Amino acid sequence: MLPKRFDQARPFATLGIILLAWLLLPLVLKTFTRATFFEIQAPLTVTDSYAQDLQTFWSNRLHSKDELLKAGQDMAGLFAAYDYSKQINQETESDILRLENMLNLPPLPTFRFEPARVARRDFSGWWQRMIIRKGENYGITVGAPVIFAGGVVGRVTEVYHYTSVVDLITSPTFRLAASVSGESRPVSYQGGLNDSFKSPRGTVEFVPLDIFATRSLPKHLVTSGLGGVFPPGLTIGDITTLEPSADGLFKTGEVSLDERLGTLTEVTVLVPLNPEEF
Amino acid sequence: MRRVDPRWFIVFLANLLLWWLVSTANHYLARFSFLWIDYCSIHLYVGGLFGVYSALRLDSKQGWIVISLTGLILDSLEPVPFGTHVILLGLVHATLLYGRRRFPREGAIFGIVVALFANLFLVIALSFLMVGTNPRPGEAWLRIFVDLLASQFVLLVITPWFQALQERAMEMARIHPTTGRRVAF
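What you see is a predicted model, and the numbers here were worked out from it, not measured in a lab.

Calculation notes
Residues numbered from 1 in each chain as written. Chains lettered and ligands numbered in written order. Predicted model: local features only at pLDDT ≥ 70, side-chain atom pairs only at ≥ 80, totals over all residues. Heavy atoms only, no water. Helix = DSSP H or I, 4+ residues; strand = E, 2+ residues; numbered from the N terminus. Buried < 20%, exposed > 50% of the residue type's maximum accessible area, 1.4 Å probe, protein only. Contact = heavy atoms within 4.5 Å. Lys, Arg positive; Asp, Glu negative; His and termini not counted. Charge placed at Lys NZ, Arg CZ, Asp CG, Glu CD. Pairing = 2+ DSSP bridges. Axes fitted to C-alpha atoms, helices over the stretch in contact; angles between N-to-C directions. Core = buried A, V, L, I, M, F, W, Y, C linked by side-chain atoms within 4.5 Å. Domains from an automatic or database assignment. Buried area = accessible area lost by both parts, 1.4 Å probe. Salt bridge = Lys/Arg side-chain N within 4 Å of Asp/Glu carboxyl O. Polar contact = N/O pair within 3.5 Å; in protein donor to acceptor, adjacent residues only side chain to side chain. Nonpolar A, V, L, I, M, F, W, Y, C, P; charged D, E, K, R; others polar. 1 Å grid on protein atoms, 1.4 Å probe; cavity = no way out; pocket = protein on both sides within 12 Å on 5 of 7 lines; lining within 4 Å. Points joined across faces, edges and corners; volume = space filled by probe spheres on them. Patch = residues over 30% accessible without salt bridge, like charges linked within 9 Å, V, L, I, M, F, W, Y side chains within 5 Å. Areas by Shrake-Rupley, 256 points an atom, 1.4 Å probe, with all protein chains shown as cover.

### Observations regarding the overall build of chain B
Looking only at helices and strands, chain B has 7 helices and 2 strands in total. Each helix and strand of chain B, placed in order from N terminus to C terminus, yields the pattern α-β-β-α-α-α-α-α-α. Each of the three principal axes of chain B carries a C-alpha extent, and together these read 60 × 35 × 30 Å. Within chain B, the fraction of its 185 residues that count as buried is 54%. Considering only contacts within chain B whose residues lie at least 6 apart along the sequence, 69% involve residues at least 24 apart. Distance between charge centres in chain B, computed from 16 positive and 10 negative side chains, equals 11 Å.

So this is what it looks like as structure tokens:
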């Protein structure tokens, strides 16, 4: 029989053994276990998301015919506007192609647009992530940019069989090379200012001293297209404050982000068509 | 023939149910309006509750199985180093196992107190681990504090229900949680 003192300490001895076994476990096994446990719970998340879609469908069925007719008229107006934008876009693309050929420039990165439903939002002070309902089955890749109508949503960080995890632009782990709209000089953007009762904000660093921004005269911040997978010109947010950094060489400030990021139900993943370009 | 002991499975399923309910709540609490406040965002964390029943009612071996599996599920879902929850929940579990003989472990009030303290420990430990990446840790702590208050309040409300759920599941399976023997309720 074990001495009484050891018997009392047995729970901690067991924990020590588990800890030791964990430390000695090869990384491949840990990665495999993580993926396995994620896939175990994935059906719960996805089923829940489909149930929400069904709920929305049935609540939409309750709309009257008058409401639907009104919505149809609004949609017709939007379609006309989009048709015009499409023509302009085609023309611009052909101009770009012509210039690329004339100047012998390398082609711009091209993407496939993959719309995906948001299955789960997980916004805390530690991290800001969401799970989308598409994964390897739709060719989603790790690092792919995720966007919505208001600009950048985030970046795909984990891809599973039929779900993917997106690290949001509001997350403290999210960093991106950006630029002030109309400028070519790059600045550094980082998320992470997520108060409980204020809309999300990010921070911006290495802003040149000749750029000014205030709450009443904010500067639009967009992706720079440098050092990453994000194409240039996508909206990040608005720089609302700028003040000199501690070294006095640059400015740092706050970026106000889109409030809709917290209620997104559908996003678009930009799947690179030539991943080797990135 | 050796009988299969399903206690760990019952408690693990209950933990999975709780995780699903809380993450569904977090999905909707990511952004909402409340009274005159247009923008609210709250994240509930109830990790402390996962370890209460397994440490206070199950035997040591079954408890360790439940804690390990629950920890692995949480680790697979959150961007923490894999194994963090296994170790943190394991530490809570070991501490409770060490002292459980001295306490009225079948009482609901004691369960609530344990859940609240365990949750507080887990939130603080996770915060120290994660807050370093934030560009302004001071503001992050403020958000974590608000989330912690909300989580503790939710824990206060749901712990008696969750304990009763696990107890009832054991009754339905006609198994005594500590001994694993078949019992007639």
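What follows picks up the thread again.
### Re the sheet that holds strand 11 (residues 251–256) of chain A
Residues and elements named next belong to chain A. Reading around the barrel, the 6 strands line up as 6-7-8-11-10-9 and close back on themselves, with antiparallel pairing between neighbours. Between one strand and the next, the sheet's axes are offset by a mean angle of 40 degrees, whatever the strand orientation. Strand direction decides the pairing type here: strand 8 (residues 201–207) and strand 11, joined by 5 bridges, are antiparallel. Paired with Thr-203 across the strands is Glu-254, a residue of strand 11.

### Focus: the nonpolar core
Counting residues in hydrophobic clusters, the biggest one holds 51 residues, and the most contacted among them are Trp-126 of chain A together with Leu-18 and Leu-49 of chain B. Sorting the residues of this core by element identifies helix 2 (27–61) of chain A together with helix 1 (7–29), helix 2 (47–50), helix 3 (52–56), helix 4 (60–77), helix 5 (84–99), helix 6 (108–130) and helix 7 (137–172) of chain B as the ones contributing at least two each. Element by element, the count of residues in this core is highest for helix 6 of chain B, at 8 residues. Built from parts of two domains, this core gets at least three residues from each of domain 1 (10–60) and domain 3 (110–278) of chain A. Leaving out residues up to four positions away in the same chain, Leu-18 of chain B has contacts with Val-46, Leu-49, Phe-50, Ile-158, Trp-161 and Phe-162 of chain B. Ranked by size, the runner-up nonpolar core spans 44 residues in total, among them Val-156, Ile-211, Ala-213 and Val-271 of chain A.

### Some details on the interface of chain B and chain A
If you look at the interface, chain B gives 53 residues, while chain A gives 53 residues. Approximately 4900 Å² of surface area, both sides summed, lies buried where chain B meets chain A, with 64% of it carried by carbon and sulfur atoms. For the chain B face of the interface with chain A, the top three residues by lost area are His-27, Tyr-39 and Phe-82 of chain B, together amounting to 15%. Counting across the interface, chain B meets chain A through 3 salt bridges. The salt bridge involving Arg-201 of chain A is made with Glu-139 of chain B; its shortest N-O contact spans 3.1 Å. Linking chain B with chain A are 19 residue pairs in polar contact (both at pLDDT 80 or more). Breaking the side of chain B that touches chain A down by element, the ones donating at least two residues are helix 1, strand 2 (37–40), helix 4, helix 5, helix 6 and helix 7 of chain B. Of the residues in the side of chain B that touches chain A, the class split is 29 nonpolar, 14 polar and 10 charged.

### Description of empty space enclosed by the protein
For the structure on display, the rule yields 5 cavities of 30 Å³ or more. Roughly 300 Å³ of internal volume is contained in the largest cavity. Contributing to the lining of the largest cavity are 23 residues, with Asp-122 of chain A together with Trp-19, Ser-23, Asn-26 and Glu-78 of chain B lying nearest its centre. Elements that contribute at least two residues to the lining of the largest cavity include exactly helix 2, strand 1 (111–123) and strand 2 (128–132) of chain A together with helix 1, helix 2 and helix 4 of chain B. Ranked by residues supplied to the lining of the largest cavity, first place goes to helix 1 of chain B with 4 residues.

### Some words on the sheet that holds strand 12 (residues 266–272) of chain A
All names here are of chain A. Pairing is antiparallel in the closed barrel, where 6 strands are placed in the order 1-2-5-4-3-12. Geometrically, the sheet is characterised by an average inter-axis angle of 40 degrees between neighbouring strands, direction not taken into account. Sheet analysis places strand 3 (residues 145–148) next to strand 4 (residues 151–159), joined by 4 bridges and oriented antiparallel. Bridge pairing in strand 4 links Pro-145 to Arg-155.

### Looking at a nonpolar patch on the surface
Taken together, the side chains of Phe-12 of chain A together with Leu-91, Tyr-98 and Phe-121 of chain B define a hydrophobic patch exposed on the protein surface, amounting to about 320 Å² of accessible area. Among the secondary structure elements, Tyr-98 of chain B is positioned in helix 5. With a relative accessible area of 37%, Tyr-98 of chain B lands in the partly exposed category.

### A word on the domain arrangement of chain A
With domains assigned, chain A is organised as domain 1 (10–60), domain 2 (63–107) and domain 3 (110–278). Relative to domain 2 of chain A, the C-alpha centre of domain 1 of chain A lies at a distance of 42 Å.

### What about the pattern of salt bridges?
In the structure shown here, the tally under the stated rule is 26 salt bridges over all chains. Residues Arg-133 of chain A and Asp-53 of chain A are paired through a salt bridge, measuring 2.9 Å at the closest nitrogen-oxygen approach. Remark: Asp-53 of chain A occurs in helix 2 and Arg-133 of chain A occurs in the loop between strand 2 and strand 3; sequence separation between them is 80 residues. Since its relative accessible area comes to 21%, Asp-53 of chain A is described here as partly exposed. Measuring nitrogen to oxygen at the nearest pair gives 3.3 Å for the salt bridge that ties Arg-31 of chain B to Glu-259 of chain A. Here Arg-31 of chain B, found in the loop between helix 1 and strand 1 (32–34), pairs with Glu-259 of chain A, found in the loop between strand 11 and strand 12, and the two come from separate chains. Among the ionic contacts, a cluster of salt bridges with common partners joins Asp-195, Lys-198, Arg-201 and Glu-254 of chain A together with Arg-136 and Glu-139 of chain B.

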